[in-house]
Amino acid sequence: MQPRLKPLTALIALYATQSLAADDVSILSEVLVTAPGELPLDSGATTLNRAEIAPKRARTSDTASLLTDIPGVSAQTGGGLSSLPVIRGLADDRLRTKVDGMDLVASCPNHMNSPLSYIDPTAVESIQVYSGVTPVSLGGDSIGGSILVQSAAPAFADPGERLVKGETGIFYRSNGDSWGGNLSGTYATDSLSLTYTGSYAQSDNYKAGGDFKDYGFTGRPGHILDLDEVGSTAYEASNQSVKFGWQNDGNLVDLTYGRQHIPYENYPNQRMDMTDNLSDQFNLAYTGELAWGTLKARAYYEHTQHEMDFGDDKRYWYGGASGGSAALEGNPCSPISGGMTGCAAGMPMYTDGKNGGVTLSAELPLASGDLVRLGGEYQNYRLDDWWTPSGANMWPYTFWNINDGQRDRFALYGEWEISKDRWTHILGVRFENIAMDAGQVHGYNLDSYPTTGTTSPVSQTRDASIFNTQDRAKTDHNWDLSWLARFTPADTQTYEIGLAQKTRSPNLYERYTWSTWQMAAFMNNFVGDGNGYVGNLDLKPEVASTLSLTADWHDAGQQRWGVKLTPYYTYVRDYIDAVQWDSATNAPRVVPVVDNFTVLKYVNQSAYLYGLDLAAHYVVASGTAYGDFRLQGLASYTKGENDDTDDTLYNIMPLNAKLILTQELGPWRNTLEGEFVAGKEDVSQVRNEMQTAGYGLAHLRSRYERKTWSLEVGIENLFDRFYELPLGGAYVGQGTTMTIPPEPNEPQWGTPVPGPGRSIYASLSLSF
Ligand SMILES: [Cu+2]
């Protein structure tokens, strides 16, 4: 989607410690000239540069999965292109995710089009992850970490020269028969630059390392899946962008237009699939090095048109005329008609999101050597979510899930960076005004917006009436405070302390979805647990207080060895959790549903999370006949509890570790990776979260890198081990997924989504 620099950049960084040929050096200086202005405060972040990302592009088309080698970061399963990042137990909207400075929003009741799904891994130039306390200039409307993804800045030629360059790559992955490629090209003078970037990826369903179900039917006559085939994991996507850049005398302007099209992306843990997603993005940015400091300005607009229905592996025909919910296969029926005995053709769902924003920030160096950062941000977001009638209970009118949803953010922040002796402090305060509203709604049963009435199918009139007669305009005034201090008593050790208060307002789906009807609620779910969720107009913003400490010990050159230990604790007031909800009484369920799917309503409770991240590296041997050997280890432990109910929070990654042995020999880089995950025993009872067993995986990777080309080959899950994804949620990837059908029909509660079995992959990348 975005332009990129030569992979030679990657090569240079990869072998930075080795001597460089003279012509390499000139290209290195070109890269430095065109690099974007340094992001502030990146010392507190884990940064993945192009060299670190390049090898991973061979094995994934999901940008969020690039982050999972960072301690404390894991991925909640979504579609093949859009897992949701989880940092220290906080996921999705609880994190601030910016792609090229844009605050993208998932415009989907399942958060299928997550912010990171809008950029292909081949277009990513760098990713910065702030796992702990985030400076206020990089946070806002979030209570966890921040993820900043950048595509390549525009490249320019040396004075009087012309620059023509490009890159292309292809990949293949055996599990899922997945393939794709990317292409980019730049033409530039010393002041103008034009870059095209494109990528394409597609995959069939992947297979687990063994059978995980005893049925193959999908609800579609004649369409049977293998017992080890994970239904609804196929996808196809294309990303394209054109970036125009202009630079002159310390001023840089760039304008990018990007278009993403996903014809289909299926979800093994959602009852629906993405059947089309079209996103247009306009991003205009200015960076100026002025006499008094640095000024940055940005304006962006993003429009998402999102469609859902049942993908190939899920039943399409519903209603009595198709055989009813007991039938293992829904037979095509006609005419499309309402009622229990009627006939329904799928369940179309549409979402339209319009997201515009303006950001302005200034960095002012002070005479004392300190730095002051001031900024303002405005975001205007509009969302419509409607489901057109398809028959049976979904008849005869359009169901409005969210009608004219509005969420506008206005933020101001100030930050002061103080460096004195061996201490660096960053103090910040941020204010956000978040104004939200939504229009009146109705269910499938009416074509007007009810304000009275109780008798109607599946409570649609009652629920809509209650919603329509309440005040829906909400304004939150949110204050964030953060203090980060770094103490470097010697060149072999650094200590950091971070203390923060951070606030997140509910998203539109949490506040404004209204129907307690099981079927409708099933369609509103961000977490992949198979349950249904109902919004709550009374929700307050979540406020988190976090203390994070880091000790970093290493050799003086920071090359041979290092150990980094980060314990943390977060208390969240008004944490948005959920309680089981009884649609019949429109009240919390008196007798909880156990070991089955259920409907829940979002409520404010309180929660605390704590844990420990560990990262270590050690050069085992260098300069041997077999090259250099380096050992890297990561481990994370997280615990999350609801302080009101003593229940475990949902989707907390169990204790996990990675051990990575790398050999570097000339152009070769070979890696043996062990991944170890403990069993998930503590689970969320209110959501009937499933336990998963512990497992260990081995991955083998090899990279051969030359100046103008590179080859990456590897085997994921070398021993074809079967395992369940701890953050994979409930398997509802095939069958009569719109409801909980009577047995022996499927899907039933109790099957976690398994991880992929063995996959052999290869990618080839060329630059010119
Ligand atoms: Cu969706």
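Nothing here was measured: the structure is a model prediction, and the numbers come from that model.

Rules and cut-offs
Sequence positions are assigned chain by chain, starting from 1 and proceeding in written order. This being a predicted model, a pLDDT of at least 70 is required before a residue's local features are given, and a value of 80 or more before pairs of side-chain atoms are given or counted; all residues contribute to the totals for chains, interfaces and linings. Processing note: side-chain calculations cover all non-hydrogen atoms of the structure and skip hydrogens and water entirely. We count a stretch as a helix when DSSP gives it H or I for four or more residues in a row; a strand needs E for two or more, and each element gets its number in order from the N terminus. A radius of gyration in this sense is built from C-alpha atoms; the matching globule rule multiplies 2.2 Å by the number of residues raised to 0.38. When a residue's accessible area, from a 1.4 Å probe over protein chains only, is under 20% of the maximum for its type it is buried; when over 50% it is exposed; and in between it is partly exposed. Contact criterion: two residues are considered in contact whenever any of their non-hydrogen atoms come within 4.5 Å of each other. All accessibility values rest on the Shrake-Rupley procedure with a 1.4 Å probe; residue burial counts only the protein chains present in the view. Counted charges follow a simple rule, with Lys and Arg positive, Asp and Glu negative, and His plus the chain ends left uncounted. For charged residues, the charge sits on one atom: NZ in Lys, CZ in Arg, CG in Asp, CD in Glu. The pairing criterion is simple: DSSP has to find at least two bridges between the two strands. Helix axes are fitted to C-alpha atoms over the stretch in contact, other axes to C-alpha atoms as well, and angles between N-to-C directions run from 0 to 180 degrees. UniProt positions are given in the numbering used here, feature names are shortened, and annotations may be inferred rather than shown by experiment. Only N, O and S atoms count as donors, using a 2.8 Å cut-off from the metal and 3.2 Å for Na, K and Ca, and because water is excluded some sites may appear unfinished. Donor angles set the geometry label: tetrahedral for four donors if every angle is between 85 and 135 degrees, square planar for four and octahedral for six if opposite donors exceed 155 degrees and the others are between 65 and 115, irregular for anything else.

## What to know about the overall build of the protein chain
Right, so step 1: Helix and strand content of the protein chain: six helices and 33 strands.
Right, so step 2: Relative to the compact-globule value of 27 Å for 768 residues, the protein chain shows a C-alpha radius of gyration of 26 Å, a close match.
Right, so step 3: Considered along the principal axes of its C-alpha atoms, the protein chain spans approximately 80 × 50 × 50 Å.
Right, so step 4: The buried share among the 768 residues of the protein chain stands at 59%.
Right, so step 5: For the protein chain, the proportion of contacts with a sequence separation of at least 24, taken over those separated by at least 6, is 70%.
Right, so step 6: Accessible surface computed for the protein chain: about 28400 Å², of which carbon and sulfur atoms make up 58%.
Right, so step 7: Each charge sign in the protein chain was given a centre, from 56 positive and 90 negative side chains, and these centres are 2 Å apart.

## Some remarks on the sheet that holds strand S7 (residues 146-151)
Right, so step 1: With respect to topology, four strands assemble into an open sheet ordered S1-S6-S7-S5, the strand pairing being mixed. For this open sheet the edge positions go to strand S1 (46-48) and strand S5 (96-99), each flanked by a neighbour on one side alone. Averaged over neighbouring strand pairs, the angle between their axes works out to 10 degrees when direction is ignored.
Right, so step 2: Pairing analysis gives three bridges linking S1 to strand S6 (residues 124-130), with the strands arranged antiparallel. Following the sheet pairing, Leu48 is matched in S6 by Ile127.

## Structural notes on the UniProt feature "short sequence motif: TonB C-terminal box" (unreviewed entry) in the protein chain
Right, so step 1: Here, the residues flagged by UniProt with the feature "short sequence motif: TonB C-terminal box" (unreviewed entry) are residues 751-768.
Right, so step 2: With 0% helix and 50% strand, residues 751-768 has end C-alpha atoms that lie 48 Å from one another.

## A look at the environment of Gly222
Right, so step 1: When you line up the elements, Gly222 lands in the loop between strand S10 (192-203) and strand S11 (235-248).
Right, so step 2: Take Gly222: its relative accessible area is 70%, and that puts it in the exposed class.
Right, so step 3: For Gly222 and Ala464, which are 242 residues apart along the polypeptide, the C-alpha to C-alpha distance reads 40 Å.

## Structural notes on the coordination of the copper ion
Right, so step 1: Here the copper ion is held by Cys108 (SG), Met112 (SD), His306 (NE2) and Met308 (SD), and the distances to it run 2.0 to 2.8 Å.
Right, so step 2: Around the copper ion, the four donor atoms are arranged such that angles at the metal cover 80 to 128 degrees; this shape is classified as irregular.
Right, so step 3: Read from N- to C-terminus, the donor residues coordinating the copper ion fall into the pattern C-x3-M-x193-H-x1-M. One end of the pair, Met112, is in the loop between S5 and S6; the other, His306, is in strand S14 (residues 293-309), with 194 residues separating them in the sequence.
Right, so step 4: We classify Met112 as buried; its relative accessible area is 0%.

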